[in-house]
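Spelled out, the chains give:
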Amino acid sequence: MIARPTAFYGGALASGLLFGLGLAISGMIYPAKVKAFLDIGAIATGGWDPSLAFVLASAVLVSMAAIRIAHRHRHPLAASTFSGPAARRVDSPLVLGSVLFGIGWGLSGLCPGPAIANIAFALPDILIFLVAMAIGALAVRLVRSRSNPGDSRTQAQS
């Protein structure tokens, strides 16, 4: 395990709290709201909820600004180097994972962030979703470790 400065953990905590607050304020912790946004077939009847499009646009703008500001510095404030994705190409595991993620999001109205935020409510549906998500993550790890025993993607990165 890599030794991390206190600022790293403080930044992670602040980011998580801000993210959770944003999920709660935007309504993304409510599966019905997410499903109403994803149901573009309801546009004709007026049942489509476009409000999450504004959440998405705001998140993209804030992220773009933060990345531009961050990369003006030689190194991050709470880490030794910037870390970006190792892979630079679109491959079949990325596409398959994206499709499965989208299907799960559309069926349940939840993605991992809001589902974890919903743990506080301890609703049976949320707990079932989290168990299914954990089983899926373990299945991916098992498949990867069997197909490529030395592959670093099978190990948690810290």
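These figures come from a predicted structure and were not determined experimentally.

Trainee: How should I be thinking about the packing of helix α2 (residues 31-38) against helix α3 (residues 51-70) in this particular structure?
Mentor: Each pair of packed helices gets described by two things: the angle between the helix axes and the distance between those axes. Between α2 and α3, whose axes approach to 8 Å, the crossing angle comes to 90 degrees. With respect to each other, α2 and α3 are oriented roughly perpendicular. Taken together, the residues of α3 that come into contact with α2 (itself represented by Lys33, Val34 and Phe37) are Ser51, Leu52 and Ala53. Considering only residue class, the contact of α2 with α3 consists of four nonpolar, one polar and one charged.

Trainee: When you look at the packing of α2 against helix α4 (residues 92-108) in this model, what are you seeing that I'm missing?
Mentor: Axis separation between α2 and α4 bottoms out at 8 Å; the angle between their running directions is 115 degrees. Of the residues in α4, those touching α2 at Pro31, Val34, Lys35 and Leu38 are Trp105, Gly106, Leu107 and Ser108. The class makeup of the residues in the contact of α2 with α4 is five nonpolar, two polar and one charged.

Trainee: Please explain the side chain of Asp49 as it appears in this structure.
Mentor: Among the structural elements, Asp49 can be located in the loop between α2 and α3. The contact partners of Asp49, leaving out residues within four places of it in the chain, are Lys33, Ala36 and Phe37.

Trainee: What exactly am I supposed to notice about the pattern of salt bridges here?
Mentor: Applying the stated criterion across every chain yields a total of one salt bridge. In this structure, the salt-bridge partner of Lys33 is Asp49, at a minimum N-O distance of 3.0 Å. Residue Lys33 is located in helix α2, and its partner Asp49 is located in the loop between α2 and α3; the two are separated by 16 residues in the primary sequence.

Trainee: What is the right way to look at a nonpolar patch on the surface in this model?
Mentor: Together, Val90, Leu94, Val95, Leu96, Val99, Leu100, Ile103 and Leu107 make up an exposed nonpolar region whose accessible area comes to about 780 Å². Take Val95: it is sitting in helix α4.

Rules and cut-offs
- Residues numbered from 1 in each chain as written.
- Predicted model: local features only at pLDDT ≥ 70, side-chain atom pairs only at ≥ 80, totals over all residues.
- Heavy atoms only, no water.
- Axes fitted to C-alpha atoms, helices over the stretch in contact; angles between N-to-C directions.
- Helix = DSSP H or I, 4+ residues; strand = E, 2+ residues; numbered from the N terminus.
- Parallel < 35°, antiparallel > 145°, perpendicular 65-115°, else oblique.
- Contact = heavy atoms within 4.5 Å.
- Nonpolar A, V, L, I, M, F, W, Y, C, P; charged D, E, K, R; others polar.
- Salt bridge = Lys/Arg side-chain N within 4 Å of Asp/Glu carboxyl O.
- Patch = residues over 30% accessible without salt bridge, like charges linked within 9 Å, V, L, I, M, F, W, Y side chains within 5 Å.
- Areas by Shrake-Rupley, 256 points an atom, 1.4 Å probe, with all protein chains shown as cover.

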